[in-house]
Amino acid sequence: MADRYRPRPAALRAREGNPSKAEIREGVIVPRAVLAEPDWRGVFKDSPAAEVQEANLRCRDVASAEWRRIVPVLEVAAGLGEVDHSTVTDLCVCVARIDQAERDLSTRGLVVTAERGTVKNGAATIAAQYRSQLARYIRELGLSPSSRAAIVPPEPDDESDVWD
């Protein structure tokens, strides 16, 4: 189902014949860029505590793997620009933190013993919040099948030829 609050891409409305006859605005055009992978040590900093350091090292690996998985696809499909760098970085952080929360849930369980007795593991709430944010990034960047249907791919450069 289409999101009635999100405007449809201008090229898609034009292709459909613009049934509403409203003015079609192109929107902002962002220059395409090849995004450099961030230094994950700045996000997941070193820690003197061995357990935290181990979790941060794993988060770096997970975030880096996610970056390498999605950025090449997004550069071609969505025409990423330099302004999208922080959004994609944040998406990778969300994936790494979800992995961290899920590992905690697998290790300690859904219910943990605390000062006041048995309580819900806080990692369950954290994972849910990160999943909610991840779903927004997936929709915005066109990483789900339904959101990909709404994205119009950028026009190929006239100078680039497949046979060159």
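What counts and what doesn't
- Residues numbered from 1 in each chain as written.
- Predicted model: local features only at pLDDT ≥ 70, side-chain atom pairs only at ≥ 80, totals over all residues.
- Heavy atoms only, no water.
- Helix = DSSP H or I, 4+ residues; strand = E, 2+ residues; numbered from the N terminus.
- Buried < 20%, exposed > 50% of the residue type's maximum accessible area, 1.4 Å probe, protein only.
- Contact = heavy atoms within 4.5 Å.
- Pairing = 2+ DSSP bridges.
- Core = buried A, V, L, I, M, F, W, Y, C linked by side-chain atoms within 4.5 Å.

Enquirer: Just checking my understanding: could you explain the overall build of the chain for this structure?
Expert: What the chain contains, in helices and strands, is six helices and two strands. Shown N-terminal to C-terminal, the secondary structure of the chain runs as helices and strands in the order α-α-α-α-β-β-α-α. For the chain, the residues scored as buried account for 29% of the 164 residues in total. Pairs at least 24 apart in sequence give 62% of the contacts found in the chain among residues at least 6 apart.

Enquirer: So what exactly am I meant to see when it comes to the pairing of strand β1 (residues 111-114) here?
Expert: In the sheet, β1 pairs with strand β2 (residues 117-120) via four bridges, with the strands oriented antiparallel. Along β2, the bridge assignment pairs Ala 114 with Gly 117. Between β1 and β2, which pair antiparallel and follow one another directly, the connecting turn spans two residues.

Enquirer: Help me understand the nonpolar core, please; the structure alone is not making it clear to me.
Expert: What tends to happen in soluble globular proteins is that the nonpolar side chains get buried as a cluster. Judged by nonpolar contacts, the single largest core of 22 residues is most densely connected at Trp 40, Phe 44, Trp 67, Ile 70, Val 88, Leu 91 and Cys 92. Broken down by secondary-structure element, the contributors of at least two residues to this core are α3 (50-77), α4 (85-108) and α5 (122-141). By residue number, the principal contributor to this core is α4, which donates eight residues. In this structure Val 88 touches Leu 35, Trp 67, Ile 70, Val 71, Leu 74, Leu 80 and Leu 141, once residues within four positions along its chain are discounted.

As far as function goes, none of this settles anything; it's purely spatial.
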